[in-house]
Structure formats: structure tokens, C-alpha cells
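Reading the structure
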Amino acid sequence: MSLSNEINYRVNTTIGKAALRAVRWQAERQASNRWKTDYLAPQLKIAPRTKELIGRHYLEGQYANANAHRKVAWATSGAPTEFLKAMDFYVLYPENHAAVCGTARRVEDISTEAENVGYSRDICSYARTDIGAMLSGKTPVGKLPKPDLLLACTNICQTVLLWYRVLAHHFNVPLIIIDTPFIYTETTDYAVAYVKRQMEEAVPIAEKVAGKKFDEKKFREITRLSKTASELWSQVMERGKHRPAPISVFDQFIQMAPIVEMRGEAYTVDFYADMLKEIDERIARGVGSVKEERKRLLWDNLPIWYRLRYLAEFLAERGVAIVASTYTNAWAELAPMFDPQNPFESGARTYLHPILNRGTGYKLETMKRMVKEFALDGAILHNDRSCKPYSIGQIDQRDRLLRDADGRGVPALLLEADHNDPRAFSEEQAATRLAAFVEMLE
Amino acid sequence: MSTLALPRRSEIIRAHQAHGGRIAAVLPIHYPRALLRAFDILPVEVWGPPRIDPSPGAAHLQPYVCSLVRNALAFLLAGELDVADVVIVPHTCDSLQGFASILVDFIQPKQPVLPIYLPRGNRPSDLEFLANEFRALYRALAAITHCTPADAELLASNAREEHADDLLAELHRRRNELAMTQLELYRLIRSREYLPAEMFIEIVGATLHGYSAQGDHPGSPRQNVPIILSGIVPEPMVIFDALAEMRAVVIADDLASCGRRLYPRGTSADPFVRMAERILNAPPDSTRGGAIPERLEHLARLVATTNAKGIVFYDVKFCEPELFYLPTLRQGLQARHIPSTVIEFDLNDAFSQQARTRVEAFIEMLG
């Protein structure tokens, strides 16, 4: 690394972090409410800190290639990245970046760059967005670092492998595949052994790229931090059982960024511990995320990133709080499986079991459990054109929810959209369907 | 030129059942035929089928799921797979994963549904896993049939399938010598989807023997524009007649249902490992997550060895595994001066005039 690169990296990241901190302080002082409706409680006080964390993460990324001491890995959101962090990789999650593009409403522009070279609009809109960003350099986060290594884990879909094949070809860097056999009913010992072996065999590949030896002690510590953060995140979501719910799923969608892309970091643990305190304060003061909470719903599938505010406000104005989600729960429900003393074996088991790697019946049971535990009045199943593994099965799941959840039907709506591409979303149609659904709940 | 008289699926199924054998309905793409046959289970593949009423499938699957999967479900719900004693669903893509999962959890057909997970690599760990997956399938089949074939029987079954696949490869290689239409050739190739290996060996052996060194014929590349057909499945099969009318000939293919299943012989003495080896060492396939350079090299090699003039990517709409590779493959081919075009189809559509015009323009450009 040249001296000028080193100086460039240090100066920019130091100044950038200071600027982000200043922005956070200012936002905390102003305590602004981002909602356009009075039916929603003011945003969480911790929200500016979330923004700062995300900003710092992408700031580090912007200059990561200039830091010769640290290599860059791009990884799928469900990948076991703890072993990479033990070698001090800067880990970027393209899915998160795509979601950032979604909330910034930049997807149409960026994904067109991919479509123009032949990527079909029938493939996942996250992938199209990131491939478009890769090809054009367009991004709302300044600049993405080039990867030195790619890590694709198939526990969320097979799509990610196909997508990472494209990335590997474009960047001409090694691709580590952690293949996680889909669990139709229950897993097998040989599937766990298979995943464990792949994780162990990935270590020397990553070591070679990082130019560093794998530190097993550090790996155990990072696994412990991942576990603790996941447990805290789980508790955050559990608080949704209170009535009124102190935090909505829309809050969760925003606040989940650290658990996805900053797992295994001490500051992520601190962040969720503080968030939990704030939520408990809300509970003590009887503050609900939706001020006049009358009905409580479940959200299934990914968010509709480009319409979060619209949906939150639309539902709040009708007294509807969405308080539980199978999606945000995915980063929490596996917390008990992590065992820092046995990180490879437990990691294999943990990363085999995300909801997306399990059968449609398991997802239905999860929904039924949430309906009961969170005392929900209904469910919205986002029929997400871009996520086949999450969406296939929803027609039957809705049918079962309607007719056989503990002997009483649970109203359930299939809402057609796409998690990132606004061109697949009809606001008028969604509004009509949501309004009718809410009316039916009354 | 001769019209091949291939036995129909229904005849084969009845004959197999008549002697006490069982039937497996097998979804695409890769699975251990030898293992099923060792249990006297005849695999009969379900590629859709095309041109059926897909509406029963729509009660369970979204419209953005490919027609191959939707039709398969509609076919099953219409009772057309009732003849099968077991349904085998290889984990080929997210859609077939969902298909198998809703069968297991919700639809619960009368037959047992046995999914198989296919690893997305070709590392020693993948081989070990796949062999274990086949051992698990063995146990499941043993529970259904109350049979426990010994290793020797499994190896004998392997040998028979390897012999059939050798002949299938020879059929692909020597297609130019055969005085049959493209449609007949592909019907013969695709008869591997339901014929028992021994019958396939007999028919293809006779065909290769009978038709060797015939010289020029209507399907000869000397009179037609040779092309490669890539994709999942060549449906509707009339595409071959349409190509013939355009004076084009499929000189080789990269179809998941055909050329990507030219399984090499295995080497292991362990029957399960041997079955796994054969699948993992097959030509690169999008559904097994093959690396782009491997697929590109494979296509370029097919073009080079056959003197094909171009490639037609003929893909089922909504097929993500295929769609992801297309832009990069086409760029790579273009860099090698290999022209290509893309046609998307739905299994329930006829070969449309629009598709015909596009292919025609492409062939004219090649000619």
C-alpha cells in the first residue's frame, strides 16, 4: 500500500466518520419525525444511530480497496461470514446495497443498466439492481469497493449462486460456495457434516486472499458476538407482543441492517442493547408504534422497500399495526443454535436452518405460532415476484391460515408486489386491496 | 428415410407394471436412474408436459413460476400421475424446490414424494454429500418396496445405464449419419426419458447399426445451416420441423433434457459414489450452478467440433438458472465471433409466428 493510499484512507474515513457522527448528533437534537402522519409514534431515538452505522459501513467500503491491510468480501445475506471477519475482511452484502437502492428509489435507473445488456426483468430485482450498479458504478452510497473474494451461501435461494457466478466472472475473483441442502422436513447429519466441511475448506481459500492466518480464537469471539446480537434482536422483536406494540415491522425493516451486515461486531451488540432499552422505555410509557392500535397483523416475505413509508402510514391511519414478520425473525430465530465453543459445527447447523431453507410447512407453522404469540388479527403475505423461494407456497399457506389456525380462521391477504422493483407494484391496486382487507378485519 | 416406431409411454408403463414393476414419476433434471432400476422402479420423466390445461396448477403456484413446473403440478392434480408409485423431485431450481415442498406439506398426493438435493459444485465434499443423498434415497425406496438390492445389483444396474448412456452419446455424435428427421432424432433421444435402459439399448443400437454411413439426407449439415440448440427442453417439438423448413439443422445441443445429460461413466467401485460421479461430471449445466467460463468453453467446444454457425438459446420463460447466464454467455460467444439469439417460450404456447420469424432471420443471417 502506498503512503498516499494510506493517508487517503485514514483521512477520508476519519473525516467521514466525524461528519456522520455530527449528522447523528444533529438528528438526535432535532428528534425529527420522518412520518407524514400523526397516527405513528415518532421514530425511535436510536434511528439516527442506525443511519450513522450504515453510513460508516458504506464509508469504510468506499475506501476499503485503498486499505492493503484489509481485503473485501462480498457475501450473501445468509452467509456464514464470521470466519471471514476473523480474518478481518470488510464484508459487503450486495442484497443490502440493493435494498438501500430500493429505499432511495434508485432501482429503476440502476437496474435498467443491467436490463440494457440483456438481464431479464424476470430475474430477482436485487440481483438486477446490483448487477446494474456493478456495470454502471451507479449507487446511492458513493462507491462500492471491488471484491477480492465472493461468498455465496445457498441457504436463502439458488438465485444467489447464479448471481455470484456473474459477479465472479465480472470481477475475476475466487468464489466460495457454501451449499446448504434444502430442508424439506428435517435435516440430516450428513447435510450438517457437508456444510461444516465446506466452511472448513473455505478457510484456506480466504486465508490466501487475505494474506492472513485464520485466528480460531477470534472466530469464536465473533461467533459469540453474532449470537449475542441475534439474541438481542430476537428480544427486540419479542417486545412486539406488548399491546400497543412499541415497535412495528416497518421499524424492524429499517433497524435490521446492523444484524444483517454487521453481525459479529461489538458495536452491533451495543446498538441492539440500547435499542432494547429504548423499546422497554416505550413499553413503560405505554407508547405504541401505531398510536391508535386496533388491529395487529403479521407480515410475511421481504419488505416492499420503495413503499415502506406509504404502507406504514396507510395502515396506521386505519389503526393497523404490523407487529411481527417472518422475515425479520429470520435473523433471530437461529440465535440459540450458535455455539461459540464449537463454531464450525454450530455454524453449519445454524446456517442450514434459516426459514428460507426450510419447507413451506415450516413457514406456515411459524406464521401460526406468531399469530398466536403476538395475538394477531390477520396476516399480509407479500407475494413477491422477485423471490420465488419465499413466495411459492404462500397460496396454500394463506388457504391454511384462513381455515385452520387453531380452529379459527385468520384473515390473510396476498399482496402482489416486488421487493425492489417499483414497476411491479400498482399503488392503486394495493391500496384498494389493503383497504378492503382492513375493512374486513373490523 | 424411415419413421421410427417408438413405443409410447403408456405402453411402456403398462408393460412394466404387468411384470410387477413400479413406476416413478421423475421431475427434471438429474437423478440416479440406476438406483431406481435396481428396485425395479421405472423412471418416467415429467417435463411439463406441454399443451395441457395449466389452471389446476394456478391454484397453488404464482404466474411467475415457469410453465414446466406449473404444468407438472396441473398434470399431477388432474390425476395423470396416478399411475406412479412414487414421485421423485430433484432439487433443480427454486421453483422445483417449492413444488416439492408444497407437495410434501400441503397437496400430499397419494404417492410418496421423495425430493433429492443436488449439490452446486463438483468438489470432494459435493461428491460425498450426493452419494449420501443417494444412500438416503435407497433407504426410502427400500421402505416403499421392501427390497434391499445388494451392491452387486446396484453396480449391475449402473453398468446397464452406463451402456445406455454410451449409446445415447454415440447417437448425439453420429446424428449426421442417420437418415432421420430432426424431429425423429430428438424423439429417439428423448425416449431415454421413459424407456428402460435395456429397451433403449436395443432400439438405439439397431438404429446406429442400421443407419450408419447413409450419406446425404434431408437433415444433413451439408445441405442445411448447422446450429446448436441450448436451453432446458425442446418443446414444442415442432421446433425441429420449423427449423428444417428454414433449412437449419441442430448439429449438437446444450439442452438440459438432452445434451447436458450425457453422463460419463463412473469410476468408483461404490455404487452410490459412482452414481454421484456421473451426475457431477456431466456437461456444465445452469441448474447445477456451473461456472460461466465452463459453460462458455463447453459451448465454444460444441461449435468448434461441429462447425455450427450459431447458437439458439431456446428458454422457458421465468427460468432463472438460464436467464442469469445468458448475457455473459452471449457476450463471450460474441467475442469469439459466434452469433446467438434468444427465444423464450411457454410450454402451453404453440411455436409462435413471432418466434419463427426471429429464428428465420437468425438462420438467414447465418446462411
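Structure shown above.
Summarised in this report is the structure supplied together with it. Predicted model, so just to flag it, every value in this text is computed and none were measured. (Residues numbered from 1 in each chain as written. Chains lettered and ligands numbered in written order. Predicted model: local features only at pLDDT ≥ 70, side-chain atom pairs only at ≥ 80, totals over all residues. Heavy atoms only, no water.)

**Details of the sheet that holds strand β3 (residues 86-90) of chain B**
All names here are of chain B. Strands sit in the order β2-β1-β3-β4 across an open sheet of four strands; the sheet is parallel. Each edge of the open sheet is held by one strand with a lone partner, namely β2 (41-45) and β4 (113-116). When the angles between neighbouring strand axes are averaged without regard to direction, this sheet yields 25°. One ladder, built from five bridges, connects strand β1 (residues 22-26) with β2; its direction is parallel. Among the inter-strand pairings, Val 26 is bridged to a residue of β2, identified as Glu 45. (Pairing = 2+ DSSP bridges. Helix = DSSP H or I, 4+ residues; strand = E, 2+ residues; numbered from the N terminus. Axes fitted to C-alpha atoms, helices over the stretch in contact; angles between N-to-C directions.)

**Observations regarding the packing of helix α6 (residues 124-145) of chain B against helix α11 (residues 271-280) of chain B**
Residue and element names in this part refer to chain B. Running from N to C, α6 and α11 cross one another at 125°; their axes reach a closest spacing of 8 Å. The pairing of α6 with α11 is recorded here as oblique in orientation. Seen along the crossing, α6 lies across α11 with a hand that is right-handed. Contacts between α6 and α11 involve Asp 126, Leu 127, Leu 130, Ala 131, Phe 134, Arg 135 and Tyr 138 from the first element and Phe 272, Val 273, Met 275, Ala 276, Glu 277, Ile 279 and Leu 280 from the second. Taken together, the residues of the contact of α6 with α11 sort by class into 11 nonpolar, no polar and three charged. (Parallel < 35°, antiparallel > 145°, perpendicular 65-115°, else oblique. Left-handed = near helix turned anticlockwise from the far one by under 90°. Contact = heavy atoms within 4.5 Å. Nonpolar A, V, L, I, M, F, W, Y, C, P; charged D, E, K, R; others polar.)

**Remarks on the environment of A:Pro42**
Along the chain, A:Pro42 falls in the loop between α1 (3-30) and α2 (47-64). Remark: the alpha-carbon pair of A:Pro42 and A:Leu441, spanning 399 residues in sequence, is separated by 26 Å.

**Focus: the side chain of A:Lys17**
All names here are of chain A. Relative to the helices and strands, Lys 17 is located in helix α1. By relative accessible area, Lys 17 is classed as buried at 17%. Residues contacting Lys 17, with those up to four places away along its chain left out, are Arg 56, Leu 59 and Glu 60. (Buried < 20%, exposed > 50% of the residue type's maximum accessible area, 1.4 Å probe, protein only.)

**Details of empty space enclosed by the protein**
Enumeration according to the criterion identifies 10 cavities of 30 Å³ or more in this entry. When its volume is computed, the largest cavity comes out at roughly 210 Å³. Taken together, 22 residues line the largest cavity, and the ones lying closest to its centre are B:Cys66, B:Thr92, B:Cys93, B:Cys319 and B:Pro321. When residues of the lining of the largest cavity are traced back to their parent elements, those giving at least two are α7 (159-171) of chain A together with α4 (67-77), α5 (94-107) and α13 (320-335) of chain B. (1 Å grid on protein atoms, 1.4 Å probe; cavity = no way out; pocket = protein on both sides within 12 Å on 5 of 7 lines; lining within 4 Å. Points joined across faces, edges and corners; volume = space filled by probe spheres on them.)

**Some words on the sheet that holds strand β5 (residues 225-231) of chain B**
Residues and elements named next belong to chain B. Across the sheet, four strands lie side by side as β6-β5-β7-β8; this open sheet has parallel pairing. The open sheet has two free edges, formed respectively by β6 (248-255) and β8 (340-345), since each of these has just one partner strand. Averaged over neighbouring strand pairs, the angle between their axes works out to 25° when direction is ignored. This element, helix α10 (residues 238-245), spans β5, β6 and β7 (310-316) of the sheet and lies at about 140° to β6. The strands touched by α13 are β5, β7 and β8; relative to β7, the strand with the most contacts, the crossing angle is about 170°.

**So, a nonpolar patch on the surface**
A surface patch of nonpolar side chains, about 390 Å² in accessible area, is lined by A:Leu3, A:Ile7, A:Val11 and A:Ile15. Mapped onto the fold, A:Leu3 is located in helix α1. (Patch = residues over 30% accessible without salt bridge, like charges linked within 9 Å, V, L, I, M, F, W, Y side chains within 5 Å. Areas by Shrake-Rupley, 256 points an atom, 1.4 Å probe, with all protein chains shown as cover. Salt bridge = Lys/Arg side-chain N within 4 Å of Asp/Glu carboxyl O.)

**Section: the pairing of strand β4 (residues 175-178) of chain A**
Residues and elements named next belong to chain A. A two-sided burial pattern is seen for β4, the buried positions comprising Leu 175 and Ile 177 on one face and Ile 176 and Ile 178 on the other. When strand β3 (residues 149-153) meets β4, the two strands line up parallel, connected through four bridges. Looking across to β4, one finds that Cys 153 is bridged to Ile 178. Tracing the backbone out of β3, into α7 and back to the parallel element β4 gives a crossover that is right-handed. (Right-handed = clockwise from strand over helix to strand, strands pointing away.)

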